[in-house]
Amino acid sequence: MLKVLLKKLKPYTLLIAVSLGFLVFCFFRFTKLSMPLRPTAHFIGESLPVILFFILFFAFSKITLHQMKPRAWHFILVTYQIISTALLALYLRSYNGEQNIVILEGILICLITPTAASASVITGKLGGNESSLTTYIIFSNLAAAVAIPLIFPMFCDMGNNSFFHDCFLILNHISPILVLPMILTVIIRTFSPKLHQFILRNTKEIGFYLWAFIIVVVSAKTFANIEASDKTAIEITIMAAVGFFMTILQFALAKGIGQFGGQRISAGQALGQKNMVFGLWVTLTYLNPTVAIIPGTYILWQNVVNAWQMWYRERNLRIWEQRGEKPYQE
């Protein structure tokens, strides 16, 4: 009974997660009953990197290193990520006005933020190439780690830190999530094949539901940041619209580029599904906290897009099953 219910709800899991995030925010913001639970909620929020570690570990367990070969679209998207950010940073350097500075910096964060470690989970669900996407996750995160210390001094004060200091700070923030799961996977695959097979058999869906749990937590934080902002409703609406525009732009652009290599789904997730937890950290570390509203709304929009894609995929699977056809896989 539970399996049947989960199967029916799966296409709507991400929308349910965003909605639950809003309800969690309302519970902690407006009810006194939440007071004893706030330390637990804070602990869960701080544990997100650990959950991301396991999501990527389960993703690495499904693929081998020789499958993770670079492709042309990897280099095109990384180039876009760096060049578009550098051009906008140069514009900000010569920009004298203050009216649109928050919006421009929010757009820049949407551009430079690397691919989410959990993007491979959604990619697999949509019929994309998980190994190819995982390769791009590594490229995208390394590009951000090097580009941010080089580009951000063009338009903002990063203190007296050197390039190497900031680069190390960023690498230290992302490398445990990226590198350690890969190392652990290689060790288990090499020295304990039976354990590796056990993991493959019993963790097929766990990464997806862990990602849904993260969406609940991050969505609740996003609504809290929006509510705490001193911006007017009109200004927040404009920022949300900017987040929506950047979400649609990056999904659509990457899908168009991936079309030429036969990996439209994988490329779309690579550029569209961002690690905005990292993006928010960069924003709060180097920029105005108000800027965080735009990447915060991006989190909501990208999950709406992913939810629609999941629903569309499930609908097509039913059609293919009725016709006796094989589902589309990259």
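Residues numbered from 1 in each chain as written. Predicted model: local features only at pLDDT ≥ 70, side-chain atom pairs only at ≥ 80, totals over all residues. Heavy atoms only, no water.

Caption draft 1: Highlighting a nonpolar patch on the surface. Where nonpolar side chains cluster on the molecular surface, the patch consists of Leu9, Tyr12, Ile16, Leu20, Phe22, Leu23, Trp308, Trp311 and Tyr312 and spans about 850 Å² of accessible area. At the level of elements, α2 (13–30) and α15 (293–323) are the ones that each hand at least two residues to the nonpolar patch. With respect to the helices, strands and loops of the structure, Trp308 is situated in helix α15. (Patch = residues over 30% accessible without salt bridge, like charges linked within 9 Å, V, L, I, M, F, W, Y side chains within 5 Å. Areas by Shrake-Rupley, 256 points an atom, 1.4 Å probe, with all protein chains shown as cover. Salt bridge = Lys/Arg side-chain N within 4 Å of Asp/Glu carboxyl O. Helix = DSSP H or I, 4+ residues; strand = E, 2+ residues; numbered from the N terminus.)

Caption draft 2: Quick peek at the side chain of Thr115. Within the element layout of this structure, Thr115 appears in the loop between α6 (101–112) and α7 (119–125). Within the local environment of Thr115, its side chain forms a polar contact with the backbone oxygen of Ala270, the two atoms lying 2.5 Å apart. Each residue touching Thr115, except ones within four places of it in the same chain, is listed here: Tyr136, Ile137, Ser140, Asn141, Gln269, Ala270, Gln273, Lys274 and Asn275. (Polar contact = N/O pair within 3.5 Å; in protein donor to acceptor, adjacent residues only side chain to side chain. Contact = heavy atoms within 4.5 Å.)

Caption draft 3: Fine view of the packing of helix α9 (residues 163–191) against helix α14 (residues 276–286). Taken N-terminus to C-terminus, the directions of α9 and α14 make an angle of 145°; their axes are 11 Å apart at the nearest point. Regarding α9 and α14, the two cross each other, and that crossing is right-handed. Contacts from Asp166, Leu169, Ile170, His173 and Ile174 in α9 reach Phe278, Trp281 and Tyr286 in α14. When its residues are assigned to classes, the contact of α9 with α14 shows six nonpolar, one polar and one charged. (Axes fitted to C-alpha atoms, helices over the stretch in contact; angles between N-to-C directions. Left-handed = near helix turned anticlockwise from the far one by under 90°. Nonpolar A, V, L, I, M, F, W, Y, C, P; charged D, E, K, R; others polar.)

Caption draft 4: The arrangement of the environment of Asn202 in detail. One can find Asn202 in helix α10 (residues 193–202). Linking Asn202 and Val242, residues 40 residues apart in sequence, is a C-alpha distance of 41 Å. Within the structure, Asn202 has its side chain in polar contact with the backbone oxygen of Phe198 (distance 2.8 Å).

Caption draft 5: Spatial organisation of the pattern of salt bridges. The final tally for this structure, using the stated rule, is one salt bridge. Here Arg29 ties to Glu227 by a salt bridge, and the two come within 3.2 Å at their closest N and O atoms. You can see Arg29 sitting in helix α2 and its partner Glu227 sitting in helix α11 (residues 206–228), a full 198 residues away along the chain. Given a relative accessible area of 42%, Arg29 falls into the partly exposed group. Judged by its relative accessible area of 37%, Glu227 is partly exposed. (Buried < 20%, exposed > 50% of the residue type's maximum accessible area, 1.4 Å probe, protein only.)

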